[in-house]
Each structure stands twice: as structure tokens, then as C-alpha cells.
Amino acid sequence: MSTKYLHVHKLRRVYVWEKPVRIYHWLNVVVLLALIITGFYIGNPLAQLSTKEASDRYTMGWFRYVHFVAAYIFFFNFLFRIYWGFVGNKYANWRQFVPFSKKFYKEMWYVIRMDILMLKGREHMSIGHNAMAGFTYFLTFLAFLVQCLTGFGLYAAMSTWWFPKLFAWVPSLFGGDIITRQIHHWAMWFFILFAIVHVYLVFYHDYVEGRGEMSSMGGGWKFIEEEVFERNHHQTPNPTKDTK
Amino acid sequence: MNDASVKQPTYYEEVERKGYSRRDFMKFVSMMTAFIGLENSAIGDVAKALETKPRLPVIWLHFQECTCCSESFIRSSHPIVADILLDKISLDYTETLMAASGVQAEQAMKNTMTKYKGQYILCVEGSVPMAADGVYCMIGGKTSLQILEEAAEGAAAIIAWGSCASNGCVQAAKPNPTAATPIHKLVKGKPVIKVPGCPPIGEVMAGVIVHYLTFGRIPELDKLGRPKAFYSKRVHDSCYRRPFYDAGLFVESFDDENAKKGYCLYKVGCKGPSTYNACGVMKWNNGTSYPIQSGHPCIGCSEENYWDNGRLYERASSFAGFGIEATADNIGKAALAATGVAVAAHAIATNVRKKKLIFELEKEGQKSEKELES
């Protein structure tokens with residue numbers, strides 16, 4: 001390699017997001033969009049007038065149908081992602097999300113200082129998720145759980161299948177369907193706010209790091225500087241045993 | 001006072017004595033069998049039970065309530081329900097309908113309690129105020145809690161009759177000044193059957209008693225302690241306006257064209273989709289009608305906290321702690337705007353604070369580009 005090019009960073013291609021993670025991600029995008037749109041409609045349907053007989057129309061029925069189908073896909077996609085958190089690569093591992101170690105908190109604090117409070121210092125260069133992002137995804141998993149529990153809990157009464165019936169205890173836990181429905185509605189806003197911040201931060205990281213953050217969820221690759229590679233070379237899959 | 005050794009007449013004997021025909025009796029039996037969710041073949045069992053078993057002694061207590069439950073009960077669809085089940089049974093003790101008063105009335109209750117210890121059914125209408133040592137509701141010098149505890153001790157089963165007894169109802173609305181408490185939170189070790197509704201349907205009460213009489217045990221209850229036969233389906237599921245819901249045709253306001261056409265009342269706040277009750281099937285006042293049929297949305301009166309869970313004529317409810325106008329969507333929109341502002345501010349700050357970094361990245365890229373060209 002010619003020394004002529006030493007002044008520019010040598011980037012190394014790292015396969016960060018495996019195909020199942022990418023499929024999970026984009027399926028989640030589609031399904032969540034469907035759930036939010038149909039959910040809003042179910043919550044407050046449009047005024048319609050029709051000369052047709054009610055029996056010839058099924059507008060609300062279709063919206064609900066799409067909502068329920070999307071909910072099933074969402075749930076099993078979510079289950080699959082949890083499974084992949086145990087068998088996937090280190091960037092997909094559950095340890096990336098659950099703040100168990102002191103190092104996790106330290107990194108979170110560092111990300112807050114660098115990326116949110118914009119303090120000066122050495123940029124934080126993570127390969128997969130940074131700790132702050134991982135923790136936020138952990139919160140989204142909790143929100144997923146809340147939506148699945150309340151959603152299937154509300155759905156249980158109109159289903160004859162045993163699976164939704166497993167959730168029949170949920171509304172009685174909160175004290176009835178009215179309040180359960182409200183929790184389901186409130187929690188939906190978390191997804192909307194999350195999506196905005198999430199998409200913005202992907203732009204942000206791409207912009208200030210120049211390592212292909214935006215496209216990484218497409219092909220699965222990120223590009224890391226040789227120094228970052230060297231620094232992380234001996235890192236074990238478990239960030240708790242990491243050396244800085 | 002009643003002599004304990006005198007054999008209680010059976011229900012059928014009472015029916016005959018009241019002048020009902022056998023045909024009337026059998027009509028009542030088949031109706032009750034259908035209501036409590038039994039098969040046709042069980043009609044014989046129910047008839048036999050009512051013919052052979054002595055009437056169940058019932059003590060009916062009234063605490064913090066409006067007596068709409070009793071009113072509902074005496075208007076149930078078959079006259080035998082009120083005439084025999086209520087009239088005969090509950091005359092043992094029920095403040096509203098008994099002839100006795102004062103010391104005699106209290107004595108009558110005591111007699112029933114000792115004579116039928118472990119056999120009588122205790123019906124409680126109303127919630128028990130626990131604040132200020134229970135002074136908000138006292139009868140005969142005793143607090144509601146004292147009366148309840150005494151009466152519950154020898155009861156075979158307790159029916160929490162109506163929303164007050166089942167979940168506290170309106171007087172338990174925030175801030176619940178009297179600390180109105182539902183029965184199941186006060187009585188331990190006795191089966192409590194919740195029959196919520198404001199008021200509940202009279203036949204449900206009769207159904208519970210007939211079920212107990214026929215099988216000698218309380219009916220199957222759901223997770224919230226309500227009889228499954230009456231509370232396992234939502235009002236929405238048996239609503240005759242449901243096709244309009246599925247079609248997406250809704251009443252927008254009470255005086256619009258859609259209201260005249262009888263469209264679904266979902267958008268004017270109908271709580272039918274969240275309310276478990278048998279109104280759509282059994283209806284009210286001898287099966288005449290029920291709220292939705294008369295053009296009024298279901299207010300969810302048999303659901304816990306329906307008075308605090310948002311407004312009666314709107315689907316959206318106020319967000320706890322954010323004031324009455326703050327629905328989930330209003331809060332959501334405000335949060336959305338705040339997020340938008342925060343993102344924009346962050347984007348600007350990024351370009352200022354990380355100017356050097358971005359500049360270097362750009363320069364590096366430009367350099368590579370130039371070298372490529374050269």
C-alpha cells in the first residue's frame with residue numbers, strides 16, 4: 001500500500017447487521033406503520049356517508065383486520081428477535097441492550113455527553129449500537145411488550161383461538177377493557193416519537209462519522225477506521241469483560 | 001317470629017299459592033335455564049329444584065347506593081322473578097321492601113342469620129364507606145362494615161349486587177371522599193359473586209339464585225368474579241348496530257342524518273366495545289329496549305372506574321395528571337412538536353459544535369476525490 005494515501009482513513013468493512021436482523025428491522029418498520037395507521041383509524045374512524053347497504057361495506061372491518069394481522073406478525077417478529085439475541089452475532093446479542101454492567105452505564109453517560117450535550121472530547125466510535133442506543137432499544141422492547149399484552153388482552157374476548165386467550169388476564173389486571181384500551185393508545189405514541197428520534201440519529205451518525213450508518217441496515221455493513229478496529233480487536237462478545 | 005322447625009315452602013308451592021299456572025311456572029323455568037346458559041335438557045333439573053327445594057333465605061343489605069338495583073330487579077321480565085324470588089325470599093330482611101321497621105326489622109335479620117346460619121345468601125347493594133370510621137352510612141347504630149361483617153359470617157355466598165358493591169361505582173370516583181369500598185375487598189373466605197351494572201339486569205340476579213338452587217353451588221365466574229353466563233361477551237358483540245360498526249358507518253352527532261339511520265354510536269363515545277354485559281341480549285324492562293337501541297351510547301356502567309375512565313360521550317379520554325382537555329392524542333401531538341423542535345435544535349448544535357469534525361470528514365473525502373481525478 002502506497003504511503004501516498006496514509007493521510008486518509010483506511011476503512012475496514014464489518015458485517016454488523018446479519019440478514020435476520022435486517023429482515024426483522026424492515027418487517028418491523030412495515031408492520032409498525034400499518035399498526036399505527038390502522039390504530040389511529042380504529043381509535044377515531046373517518047366520517048362516512050354511503051348509499052350502500054351496511055352489509056356491502058366493511059371499512060372498519062378491514063382496518064381492524066389489517067391491524068390484527070399486523071399485530072400477529074409484529075408479535076412473532078418480536079419473539080424471533082429475542083431468540084436472535086441469543087444466537088446472533090455480538091451486535092445482535094441481548095447484552096447490547098440490557099444495562100447490567102458498570103461499563104454499560106459509563107458508555108451511556110459518555111454518549112450523552114458527546115452526542116446529546118455536545119461536549120468536546122474524543123468522539124465515541126461504536127461499531128454496533130452504542131450503549132445509549134442499546135438501552136433505548138431495550139425500552140422499545142418493553143413498549144413492544146406493553147403493546148402485545150394490552151393488544152392481545154383486548155383481542156382475547158373476540159377470539160376463539162387459544163393463543164390470544166393466553167392474554168385474557170391482562171384487562172382484569174388493569175381493571176377492565178376501557179383502561180387497557182387507553183394504555184394501548186398512550187403507548188402507541190412512544191413508537192411515533194421513537195421513530196422520529198431514531199431516524200434523525202441515524203442521519204446524525206452518518207453525518208458526523210461518515211461510516212455508512214444509513215446504509216448499514218441495507219447491506220449489513222459498517223465501515224470502521226483501522227484504529228477503531230485495532231482498539232476493539234480483542235474485545236470479547238461480552239462487553240462487560242471489555243478492555244478499553 | 002318465625003319458628004325454625006316449620007319447613008320452608010318450596011318455590012313451586014309459593015308459585016301455586018300466588019295463583020300462577022303450571023304453564024307460567026314452566027315458562028319461567030325455561031327462561032331462567034336459557035338465561036343462565038344451560039342446555040334445553042337442564043330445564044327438567046331446574047324445574048325439579050324449584051319444585052323440591054325449600055326457598056333460599058336471603059338477606060339483602062343496602063349501603064351506599066341509590067336502590068336502582070332493587071328497582072331493576074322488581075322490573076325483571078318475568079313476574080315470577082320479582083314475585084317469588086324477591087318478594088318471598090328477601091322479605092327476611094331488605095330495607096326497601098320489608099314491612100317491619102326499627103327493632104323488629106333488626107330482629108328479623110338476626111333471626112334469619114341464626115336460623116339459617118351457613119345457608120342464606122347475602123345480597124349486598126351499595127358500597128361500604130371506610131373513611132371516618134364508617135360514619136357516612138350507619139343503620140340501627142351500626143356502621144356498614146359492622147353490619148356486613150356480621151351478616152357475611154354465616155352466609156353461604158355473597159352477591160355483590162350492582163356496581164357499587166362490585167367496584168364502588170360513582171361514590172368511589174376520585175377523590176372518593178367516603179372511601180367507598182367494594183364488598184370483595186372487605187369480605188374474606190366467602191365466595192363473592194359480582195354482578196356489576198348501574199343497575200344490573202334483574203334476570204342476572206334471578207339467574208344466580210336459580211343456579212345456586214339447582215346445582216347447590218355458585219355459577220362459574222370470570223377473572224373479575226362475574227358470572228360467565230352474563231359477563232363473558234361485550235355489549236359490542238351482541239349489538240344489533242354492529243354491522244354499521246364493521247361497515248364504518250358512524251353517528252357523528254346526536255342530531256345528524258346518521259343518527260336517524262341508526263348507525264353505530266362508536267364515535268359519540270359508545271363504550272360497548274369495552275363493556276362486558278348482557279344488555280344486547282336480555283335488554284331491560286321486560287325486554288323492551290336497552291340504551292343503544294334507544295339511540296344512546298353505552299356508558300360502560302358495568303365496568304370498573306367507568307366514571308373516572310374518560311368522558312361518557314367521547315372515545316378519547318383525558319390523560320391522567322394532565323387536565324381534562326389533555327387526551328392521549330393532544331399530549332402526543334405536543335410531544336411530537338417538542339421532539340421536532342429538539343431534533344432541529346440538535347441538528348443546528350451539531351453543525352456548530354462538531355464543525356471541525358464534519359469539516360475534516362469533508363476535506364478527507366474531497367482529497368480522495370481529487371486524487372482520484374488526478
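In the block above lies the structure referred to throughout.
Notes on the structure in this doc start here. Just so we're clear, the structure is a prediction, and the values are computed from it rather than from any experiment.

Reading the values: rules and limits
Residues numbered from 1 in each chain as written. Chains lettered and ligands numbered in written order. Predicted model: local features only at pLDDT ≥ 70, side-chain atom pairs only at ≥ 80, totals over all residues. Heavy atoms only, no water. Helix = DSSP H or I, 4+ residues; strand = E, 2+ residues; numbered from the N terminus. Buried < 20%, exposed > 50% of the residue type's maximum accessible area, 1.4 Å probe, protein only. Contact = heavy atoms within 4.5 Å. Areas by Shrake-Rupley, 256 points an atom, 1.4 Å probe, with all protein chains shown as cover. Lys, Arg positive; Asp, Glu negative; His and termini not counted. Charge placed at Lys NZ, Arg CZ, Asp CG, Glu CD. Buried area = accessible area lost by both parts, 1.4 Å probe. Salt bridge = Lys/Arg side-chain N within 4 Å of Asp/Glu carboxyl O. Nonpolar A, V, L, I, M, F, W, Y, C, P; charged D, E, K, R; others polar. 1 Å grid on protein atoms, 1.4 Å probe; cavity = no way out; pocket = protein on both sides within 12 Å on 5 of 7 lines; lining within 4 Å. Points joined across faces, edges and corners; volume = space filled by probe spheres on them. Axes fitted to C-alpha atoms, helices over the stretch in contact; angles between N-to-C directions. Parallel < 35°, antiparallel > 145°, perpendicular 65-115°, else oblique. Left-handed = near helix turned anticlockwise from the far one by under 90°. Pairing = 2+ DSSP bridges. Core = buried A, V, L, I, M, F, W, Y, C linked by side-chain atoms within 4.5 Å. Domains from an automatic or database assignment. Expected span 1.5 Å × (residues − 1). Arc of directions from axis to C-beta.

### Digging into the overall build of chain A
Part 1 of the reasoning: When its secondary structure is counted, chain A shows nine helices and two strands.
Part 2 of the reasoning: Ordered by position from N to C terminus, the α and β elements of chain A give β-α-α-α-α-α-α-α-α-β-α.
Part 3 of the reasoning: Considering only C-alpha atoms, chain A reaches an extent of 80 × 40 × 35 Å along its principal axes.
Part 4 of the reasoning: Out of the 244 residues belonging to chain A, those deemed buried represent 49%.
Part 5 of the reasoning: In chain A, once contacts between residues fewer than 6 apart in sequence are set aside, the share between residues at least 24 apart is 68%.
Part 6 of the reasoning: Here chain A has roughly 13,100 Å² of accessible surface; of this, 69% comes from carbon and sulfur atoms.
Part 7 of the reasoning: Each charge class in chain A was averaged separately, 25 positive and 15 negative side chains, and the resulting centres sit 4 Å apart.

### A closer look at the interface of chain B and chain A
Part 1 of the reasoning: Facing 52 residues of chain B, the contacting portion of chain A comprises 53 residues.
Part 2 of the reasoning: Of all residues in chain B, the largest losses of buried area upon contact with chain A belong to His346, Arg353 and Lys354 of chain B, amounting jointly to 13% of the total for that side.
Part 3 of the reasoning: Here chain B is connected to chain A by one salt bridge.
Part 4 of the reasoning: A salt bridge links aspartate 246 of chain B to arginine 64 of chain A, with the shortest nitrogen-to-oxygen separation between them at 4.0 Å.
Part 5 of the reasoning: Elements represented by at least two residues in the side of chain B that touches chain A include exactly helix H11 (242-247), helix H12 (257-261), helix H14 (328-353) and helix H15 (355-373) of chain B.
Part 6 of the reasoning: No other element matches H14 of chain B, which puts 14 residues into the side of chain B that touches chain A.
Part 7 of the reasoning: Of the residues assigned to the side of chain B that touches chain A, the class counts are 22 nonpolar, 12 polar and 18 charged.

### Quick look at the pattern of salt bridges
Part 1 of the reasoning: Taken as a whole and assessed by the stated rule, the structure comprises 16 salt bridges over all chains.
Part 2 of the reasoning: Among the salt bridges present, the one from glutamate 225 of chain A reaches arginine 211 of chain A, with a minimum N-O distance of 3.8 Å. Linking glutamate 225 of chain A in strand S2 (residues 221-225) with arginine 211 of chain A in the loop between helix H7 (177-209) and helix H8 (213-219), this pair joins segments that are 14 residues apart in sequence.
Part 3 of the reasoning: With relative accessibility at 8%, the residue glutamate 225 of chain A sits in the buried group.
Part 4 of the reasoning: The salt bridge partner of lysine 228 of chain B is glutamate 220 of chain B, with a shortest N-O separation of 3.1 Å.
Part 5 of the reasoning: Judged by relative accessible area, lysine 228 of chain B falls into the partly exposed class, the value being 36%.
Part 6 of the reasoning: Residue classification places glutamate 220 of chain B among the exposed residues on the basis of a relative accessible area of 55%.
Part 7 of the reasoning: One continuous salt-bridge network, built from bridges that share partners, spans Arg64 of chain A together with Arg234, Asp237, Arg242 and Asp246 of chain B.

### Topic: empty space enclosed by the protein
Once rolled over the atoms, a probe with the size of a water molecule shows which space is left empty.
Residue and element names in this part refer to chain A.
Part 1 of the reasoning: Scanning the model with the defined rule gives seven cavities of 30 Å³ or more in all.
Part 2 of the reasoning: Taken as a whole, the largest cavity spans an internal volume of roughly 720 Å³.
Part 3 of the reasoning: As for the largest cavity, its lining consists of 33 residues, of which Ile42, His67, Gly151, Leu154 and His184 are closest to the centre.
Part 4 of the reasoning: Of all elements in the fold, only helix H1 (19-43), helix H2 (59-87), helix H4 (131-156) and H7 reach the threshold of two or more residues within the lining of the largest cavity.

### Some thoughts on the layout of surface pockets
Part 1 of the reasoning: One number sums up the size of the largest pocket: a volume of about 1,400 Å³.
Part 2 of the reasoning: Lining of the largest pocket is provided by 49 residues; of these, Tyr137, Phe194, His198, Val199 and Val202 of chain A occupy positions nearest its centre.
Part 3 of the reasoning: Of all the secondary-structure elements, those providing two or more residues to the lining of the largest pocket are H1, helix H3 (102-116), H4, H7 and H8 of chain A together with H14 of chain B.
Part 4 of the reasoning: Looking at the lining of the largest pocket, the element that brings in the most residues is H7 of chain A, giving 13 residues.

### Looking at the packing of H4 of chain A against H7 of chain A
Residues and elements named next belong to chain A.
Part 1 of the reasoning: At a closest axis distance of 9 Å, the pairing of H4 and H7 adopts a crossing angle of 150°. With respect to each other, H4 and H7 are oriented roughly antiparallel. Between H4 and H7 lies a crossing of left-handed hand. Here Thr136, Tyr137, Leu139, Thr140, Ala143, Phe144, Val146, Gln147, Thr150, Gly151 and Leu154 of H4 lie close against H7, whose contacting residues are Asp177, Thr180, Arg181, Ile183, His184, Ala187, Met188, Phe190, Phe191, Phe194 and His198.
Part 2 of the reasoning: Here the residues of the contact of H4 with H7 are counted per class, giving 12 nonpolar, eight polar and two charged.

### Observations regarding unusual backbone geometry
Residues and elements named next belong to chain B.
Part 1 of the reasoning: Proline 175 follows lysine 174 through a cis peptide bond whose omega is 5°.
Part 2 of the reasoning: The residue proline 175 is located in the loop between helix H8 (163-167) and strand S8 (180-181) in this model.
Part 3 of the reasoning: That bond from cysteine 198 to proline 199 is cis: its omega, 0°, falls within 30 degrees of zero.
Part 4 of the reasoning: Checked against the element boundaries, proline 199 lands in the loop between strand S9 (192-195) and helix H9 (202-215).
Part 5 of the reasoning: For threonine 67, which is not a glycine, the phi torsion comes out positive at approximately 70°.
Part 6 of the reasoning: Looking at the secondary structure, you find threonine 67 in the loop between strand S1 (58-62) and helix H4 (68-73).

### What about the pairing of strand S7 (residues 157-161) of chain B?
Residues and elements named next belong to chain B.
Part 1 of the reasoning: The buried count for S7 comes to five of five residues, which makes it a mostly enclosed element.
Part 2 of the reasoning: Neither face of S7 is open: one carries Ala157, Ile159 and Trp161, the other Ile158 and Ala160, and all of them are buried.
Part 3 of the reasoning: Sheet analysis places strand S3 (residues 121-125) next to S7, joined by five bridges and oriented parallel. Bridge pairing links cysteine 123 to isoleucine 159 in S7.
Part 4 of the reasoning: Inspection of the sheet shows S7 paired to S9 by four bridges, in the parallel sense. By the bridge assignment for S9, isoleucine 158 is matched with valine 192.

### Things to note about the nonpolar core
Here is a general trend for soluble globular proteins: nonpolar side chains tend to be buried in one another's company.
Part 1 of the reasoning: Val29, Leu50, Ile159, Trp161 and Ile292 of chain B are the most contacted members of the largest nonpolar core, which has 57 residues in total.
Part 2 of the reasoning: With eight residues, H9 of chain B is the largest single contributor of residues to this core.
Part 3 of the reasoning: A domain split of this core shows at least three residues from each of domain 1 (11-230) and domain 2 (235-294) of chain B.
Part 4 of the reasoning: In this structure tryptophan 161 of chain B touches Trp60, Cys69, Ser70, Phe73, Val124, Glu125, Gly126, Val195, Pro200, Ile201, Gly202 and Met205 of chain B, once residues within four positions along its chain are discounted.
Part 5 of the reasoning: Leu35, Phe75, Cys148 and Phe191 of chain A belong to the second largest nonpolar core, which has 27 residues in total.

### Examining H3 of chain A
Part 1 of the reasoning: A rise of 1.5 Å per residue sets the reference length of H3 of chain A, with its 15 residues, at 21 Å; its end C-alpha atoms lie 20 Å apart and thus fit the reference within 8%.
Part 2 of the reasoning: Listed in full, the buried residues belonging to H3 of chain A are Phe104, Glu107, Met108, Val111, Met114 and Asp115 of chain A. Projected onto a plane normal to the axis of H3 of chain A, the buried residues spread over an arc of 140° and lie on a single side. Exposed positions of H3 of chain A whose direction lies more than 90 degrees from the buried face are Lys102 and Lys106 of chain A.
Part 3 of the reasoning: Next to the buried residues of H3 of chain A lie H4 and H7 of chain A together with H14 of chain B.
Part 4 of the reasoning: Phi for methionine 118 of chain A, located one or two positions after H3 of chain A, is positive at around 60°.

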